[in-house]
Amino acid sequence: MNSVDFLQWVRGPAFDAAVVIFVLGVIFRLFGILMLGKKPDLAEPRGGEWGPGLRTVLSRSLPDRGTFRREPVTVVAGYVFHIGFFITLFLSAPHIELFHAWFGLRWPALPTPLVDASAVITLLALVFLLAYRLANPVRRFLSGFEDYFVWGVTLLPVLTGYLAYHHLRLPYHALLALHILAVELLLVAFPFTHLMHTFTLFVARWYNGAASGRRGVVS
Amino acid sequence: MPVETTLADSLCAHGISRRGFLKFCTMLASLMALPPSAVPAVAAALEKAKRPSVIWLSFQECTGCTESLTRSAAPTIESLIFNVVSLDYHHTLQAASGEGAEAARHQAMQENWGKYLCVVDGSIPIGNPGYSTIAGVANADMLRETAEGAAAVVAVGSCAAFGGLPYADPNPTGAVPVSELVTDKPIVNVSGCPPIPVVISGVLAHFLIFGGIPELDTLGRPRVFYGQTIHDRCYRRPFYDKGLFARSFDDEGAKRGWCLYTLGCKGPMTYNACATAKWNQGTSFPIEAGHGCIGCSQPNFWDAGGFYQPLSLPTGAVTQTAAYAAAAGAAAGLAAGALYRRHKHARQAVHESVTVDDLEKPDKS
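Reading the values: rules and limits
Residues numbered from 1 in each chain as written. Chains lettered and ligands numbered in written order. Predicted model: local features only at pLDDT ≥ 70, side-chain atom pairs only at ≥ 80, totals over all residues. Heavy atoms only, no water. Helix = DSSP H or I, 4+ residues; strand = E, 2+ residues; numbered from the N terminus. Rg over C-alpha atoms; globule rule 2.2 N^0.38 Å. Buried < 20%, exposed > 50% of the residue type's maximum accessible area, 1.4 Å probe, protein only. Contact = heavy atoms within 4.5 Å. Buried area = accessible area lost by both parts, 1.4 Å probe. Polar contact = N/O pair within 3.5 Å; in protein donor to acceptor, adjacent residues only side chain to side chain. Nonpolar A, V, L, I, M, F, W, Y, C, P; charged D, E, K, R; others polar. Phe/Tyr/Trp six-rings, centres within 6.5 Å; stacked < 30°, edge-to-face > 60°. Lys NZ or Arg CZ within 6 Å of the ring centre and 35° of its normal. Axes fitted to C-alpha atoms, helices over the stretch in contact; angles between N-to-C directions. Parallel < 35°, antiparallel > 145°, perpendicular 65-115°, else oblique.

Caption draft 1: Inspection of the overall build of chain B at higher detail. Of regular secondary structure, chain B possesses 18 helices and nine strands. Here the C-alpha radius of gyration of chain B, 31 Å, is well above what a compact globule of 365 residues would show, namely 21 Å. Principal axes of the C-alpha set define a box for chain B whose edges measure 130 × 50 × 45 Å. The 365 residues of chain B split such that 50% are buried. For chain B, the proportion of contacts with a sequence separation of at least 24, taken over those separated by at least 6, is 75%.

Shown next, in the form of structure tokens:
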């Protein structure tokens, strides 16, 4: 298999397989969580559920003052990584073409130098966060294989995409193939690791907020 | 034409001025990424170069590669360079036919054993030797026989270099590129469908000047001509960088000359000199004519997922696959949830309540 065959394989059967594992896995887990259900609450509600729920989704998405004071580096680098990752993923022209083919929706792309810069910032933030994690004995103690694995599968698509755009080391088609393969690895790992937080975090925030709202307390 | 004639004599006989010849040498030197100071050396070497014997084998091909080189409105120096090599065997161009033609090939091989260039266009069918024969000889046998005494083999066109159209899925003839049959000779892949004329003549000129084959990339192509992608040298590249794309071949973006990436241009993965050397004596290249690059100098470009499909897209019907996967995931999630609930209810049903009396410690007294 030469590098062009490899590109065809990752764009074809491998991509299909990765999408099947990703979609099936994510939906399976979400339905599984929702099917756990909730015990009927017989107490008289002391407030609404939707309003406080949505408010908590917002309030917990913003850095909490106490947390920020204790861990400013984690909060800032975490935000930088997530924003950079979303810009790189959703505002680069080749990616938008993919989403258009998939969902039929299209939006304007950012100029490539800006996407390029956001990819570099994302990579730096990821490397910095790893170093920061390793530098502290407590954080190191709390980290397991999955944390490093998830870090790796998140870094690889950004890194290979950057290398492909700049044609570094290998010809473009080989790097593009590696980039798509890295994305497939991420998709496959997604439902089985805490990458699932992408889909569960807003539901969880809403759930906490709604429960508190019903009891008439601030979440 | 006698073999002793030098290239300079031949060009002079064809009415090419010294100025024209030096201009060509300068272009070749720049294409080969040689410094300007090398131009006199290139000119001197080319002037003195003796006509090498060339045996051109045409297998499963469309003659487009020969057309590319020979069909021009006015004879170019590239084509004349080609004319002045001692082309001892070429189906399309030679006057002789039948046994006379084959005799010419054998004679050229005997007289120039170990020194001649074997140029191949077209892929070679190995599914059945009868699929393509010349004078009753299967293509594969003729290639092996001719390559044996060659100084080097030049695979001209994507068919000879990578299999090309005959090699495309389902490859009914079992076509293979030259490199699968010839393993003990230096092979230069001059890919393209067809290759750019100056690239073909550039490889021949390199052989004449330096007496060997140029530096090759991982796919066996001369790095000097295939070192950069179409995308990197495309005049529409600034539009790609700005995120300005034509959405159809006749929309406002297309009229303004915006990037054709979304219309399936394969420029980013295609290594060739089209954007710099251009076609039709430097007139333009396909993207300049308003059509995306189809990636014809890359292996398997016929099967690379559709000429009009953007490069970043998967080749399969992903949306449909994803919909099935979502349905299966939902069903599996619901089933797992239902199983869990049944288990929970079953456990609740057999649960025995504990009263305070049960917990009371037995009286020790």
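Caption draft 2: Layout of the interface of chain B and chain A. The interface is formed by 46 residues belonging to chain B together with 36 residues belonging to chain A. When the two sides are added together, the surface that chain B and chain A hide from each other amounts to roughly 3,600 Å², 64% of it contributed by carbon and sulfur. In this structure, the connection of chain B to chain A is made through seven residue pairs in polar contact (both at pLDDT 80 or more). Elements that contribute at least two residues to the side of chain B that touches chain A include exactly α14 (237–242) and α17 (318–349) of chain B. Sort the elements by how many residues they give to the side of chain B that touches chain A and α17(B) lands first, with 18 residues. Split by residue class, the side of chain B that touches chain A holds 24 nonpolar, 14 polar and eight charged.

Caption draft 3: Examining the packing of aromatic side chains more closely. With the rule as written, the count across this model stands at 22 aromatic pairs over all chains. The interplanar angle of 45° and the centroid separation of 5.6 Å between the aromatic rings of A:Phe81 and A:Phe85 together place this pair among those described as tilted. In this pair, A:Phe81 and A:Phe85 are both assigned in helix α5 (residues 72–90), four residues apart and thus about one turn of the helix distant. Exposure class is identical for A:Phe81 and A:Phe85. Each is buried. Measuring from ring centre to ring centre gives 6.4 Å for A:Phe99 and A:Phe103, while their planes differ by 10°; the resulting arrangement is stacked. Linking A:Phe99 with A:Phe103, this pair stays in helix α6 (residues 93–103), spanning four residues, or about one helical turn. Of the residues examined, A:Phe99 reaches a relative accessible area of 10% and is grouped as buried. Look at A:Phe103 and you get exposed, because its relative accessible area is 58%. Taken together, the ring pairs connect A:Phe15, A:Phe86, A:Phe90, A:Phe99, A:Trp102, A:Phe103 and A:Trp107 into an aromatic cluster. Looking at A:Arg139, its charged tip hangs above the ring of A:Tyr132, at a distance of 3.9 Å from the centre. A cation sits over an aromatic face here: B:Arg105 above B:Tyr89, 5.7 Å from the ring centre.

Caption draft 4: Quick peek at the packing of α5(A) against α6(A). Residues and elements named next belong to chain A. At their nearest, the axes of α5 and α6 sit 6 Å apart, and the two run at 70° to each other. The angle between α5 and α6 falls in the class roughly perpendicular. Here α5 contributes Thr88, Leu89 and Phe90 to the contact with α6, which in turn contributes His95, Ile96 and Phe99. Tallied by class, the residues present in the contact of α5 with α6 amount to four nonpolar, two polar and no charged.

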